[in-house]
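# Observations on chain architecture
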Amino acid sequence: MTFRSLCNLLQDSVTPFVVSVHAKECADPVLVINLTLVCQATLTIRIIGLLQKCTQVFPQRTESLTNSDLPQSLPVVVIFKDFEAFNSQVLQDFILICSRYTQELPFIFIFGIATSPSAIQHRLPHSVSSLLCIEVFHSLSRTQHLASVFDKLILNSQFPFKLSSRVIQVLVGIFLYHDFSVQNFVKGLQFSMLEHFKSQPLSMLCCQKQEALLSAKTLSKKNVERIRHLPSFMRYVETQEPQEQVQLLTNDEHVKNMLTCFHVQKTHYFSNTIRELHVSCIEKNLWETEEYDSALQLLRILAKDELVAALRKCAEILKSTKILQNVLQQLEDFIGRLEALEGVSSEDSSGNGIISGKMEYQRTDLFQLQKTLLEKESRRTKRMNPYEVLRSQVIEFIDSLVREYLTPAELQPLNEVCYYSSSGVLRQRLNVTPRTSIQAALSHPFYYLQNESLKTDAGTISSAAPDLCIVYKLHLECGRLINLYDWLEAFLTVMSAAEDQDTNSEDARFIQAVSEMEFLGFIKSTKQKTDHVARLTWGGC
């Protein structure tokens with residue numbers, strides 16, 4: 001996908017002559033001969049008849065484009081997708097031939113290097129690499145792509161569909177420990193969305209605008225009843241006053257009016273959450289974590305200039321989002337009051353006031369020392385300067401904002417409408433185990449083929465089952481080494497129960513089934529006994 005995007009970008013903005021090649025396509029040295037012919041033919045075409053065609057491709061350059069400067073303005077771009085896999089001799093001949101046409105037919109090579117730029121010096125001798133003017137650039141890493149997906153989809157308030165913390169952990173776990181593929185991560189998002197809209201009847205409401213959400217057509221009486229049966233809404237009703245509970249359970253219009261508050265709260269939550277804290281915020285109370293306590297402890301020792309700078313950053317973020325304007329006004333008020341403080345020294349502003357008096361050094365016991373320190377601490381607390389008082393107010397204000405706007409999303413009313421939380425289903429669909437699926441199909445072919453004749457009791461084998469299923473079930477009864485003759489006799493015994501069977505072909509069918517078992521990785525040949533095979537898997541469905 002990266003190379004495809006690069007080709008499209010080059011063709012749209014640089015030159016229409018872009019080619020992308022793989023090493024497996026260029027292993028034959030005959031390519032060098034063909035390249036020579038192509039270069040000569042391309043050069044002839046460019047000189048005698050390409051001006052009109054190129055002006056059609058780039059109409060904005062028609063006035064400045066002339067026949068004399070055409071070769072320099074439209075180079076030929078060759079992209080080597082897997083540079084390390086190319087034959088060194090083919091690359092050397094390729095570059096040497098192209099160097100002969102640089103005046104009339106300029107070339108640009110793009111090497112896709114998976115290791116380091118030094119691979120060019122390792123693959124090409126100095127006489128060849130000196131012909132190249134090399135510039136190094138890097139594509140975005142997969143983790144950077146994943147961060148972009150988070151910002152544009154998961155942390156975007158305009159994207160109403162959301163994922164629970166467990167679902168995010170499943171998707172990120174598959175990305176980090178299995179395939180490292182951003183494309184598969186996006187596919188996981190797509191599957192989560194389809195599964196959510198399929199399983200949750202109210203899921204379509206999360207795609208409506210706030211005005212449409214409250215309309216009578218969108219929120220029918222049936223949908224209102226569905227809302228009342230949501231576990232999160234029932235928990236919300238239990239926290240209200242008795243009169244409010246009656247209104248929520250009997251008055252449909254009152255329920256519709258309450259949805260406005262839920263919608264605004266959801267928007268504020270995701271507009272003010274950064275990527276690193278997202279999972280923590282939707283999973284549990286952020287203010288109960290050790291990291292949050294450490295952050296508050298850091299705020300309590302900040303000097304005045306540091307605290308003002310931190311509050312200014314918060315104000316800039318709120319100005320850019322254009323929400324929570326009342327919070328912005330309070331922040332600006334705190335900033336103004338902090339800047340108005342005068343006569344606060346750096347030591348006093350950091351909260352580490354100097355205790356006057358001389359310390360008398362004398363021998364004392366641990367109890368006396370602890371008592372002295374507690375007395376000094378109490379005296380220092382009582383003598384808080386104006387900055388310390390104002391700093392405490394700022395910390396209390398920030399703590400109240402966190403508790404109000406960063407409540408866990410999974411505990412908010414109507415979170416089932418917009419949040420997909422079936423992490424088990426997602427893990428089963430995306431993080432599949434092929435061996436388990438194959439064993440289930442071989443053990444219970446009825447569930448896959450939907451053939452009534454394949455239904456059997458536990459511990460029995462149907463002669464109507466496919467040969468591979470019969471051979472697989474028989475091999476489960478064997479130990480580490482399987483005698484092929486005994487296996488064949490057991491297979492013939494099962495097949496003898498079926499009518500109209502061709503006994504002459506049963507041996508060939510058994511051999512075919514055993515070959516398929518070896519191909520699937522259940523058995524392998526062994527040198528211990530020539531007429532035995534070794535069993536490779538243990539345990540089943």
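Residues numbered from 1 in each chain as written. Predicted model: local features only at pLDDT ≥ 70, side-chain atom pairs only at ≥ 80, totals over all residues. Heavy atoms only, no water.

Moving on to the overall build of the chain. Along the backbone of the chain there are 29 helices and 8 strands. The buried share among the 541 residues of the chain stands at 37%. Contacts in the chain between residues at least 24 apart in sequence constitute 71% of all its contacts with a sequence separation of at least 6. When the accessible surface of the chain is summed, it comes to about 33,200 Å², and 55% of that surface belongs to carbon and sulfur atoms. (Helix = DSSP H or I, 4+ residues; strand = E, 2+ residues; numbered from the N terminus. Buried < 20%, exposed > 50% of the residue type's maximum accessible area, 1.4 Å probe, protein only. Contact = heavy atoms within 4.5 Å. Areas by Shrake-Rupley, 256 points an atom, 1.4 Å probe, with all protein chains shown as cover.)

As a general rule, the predicted coordinates of low-pLDDT regions are not to be interpreted in detail. For the chain, mean pLDDT is 79; residues scoring 70 or higher make up 77% of the total. This stretch, residues 61-65, has a pLDDT under 50; its non-local contacts, to residues over four places away or in other chains, come to 10 contacts. (pLDDT = per-residue confidence, 0-100.)

Overall, parallel pairing links the 3 strands, which are arranged S1-S2-S3 in an open sheet. Since the sheet does not close on itself, it has two edges, and those belong to strand S1 (18-21) and strand S3 (107-111), each with one partner. Across this sheet, the average inter-strand angle for adjacent strands is 15°, counted without regard to direction. By the bridge criterion, 5 bridges tie strand S2 (residues 76-80) to S3 in an arrangement that is parallel. Note that in S3 the partner of Ile79 across the bridge is Ile110. Across the sheet, helix H1 (residues 2-13) is in contact with S1, S2 and S3; its angle to S2 comes to roughly 175°. Across the face of the sheet, helix H5 (residues 88-99) comes into contact with S2 and S3 while running at roughly 155° to S3. (Pairing = 2+ DSSP bridges. Axes fitted to C-alpha atoms, helices over the stretch in contact; angles between N-to-C directions.)

On to the packing of helix H13 (residues 231-238) against helix H14 (residues 242-250). Working note: a packed helix pair is described by the angle between its axes plus the distance between those axes. At a closest axis distance of 9 Å, the pairing of H13 and H14 adopts a crossing angle of 150°. In terms of orientation, H13 and H14 fall into the roughly antiparallel class. On H14, the residues that touch Phe233, Tyr236, Val237 and Glu238 of H13 are Gln245, Leu248 and Leu249. Here the contact of H13 with H14 is built from residues that sort into 5 nonpolar, 1 polar and 1 charged. (Parallel < 35°, antiparallel > 145°, perpendicular 65-115°, else oblique. Nonpolar A, V, L, I, M, F, W, Y, C, P; charged D, E, K, R; others polar.)

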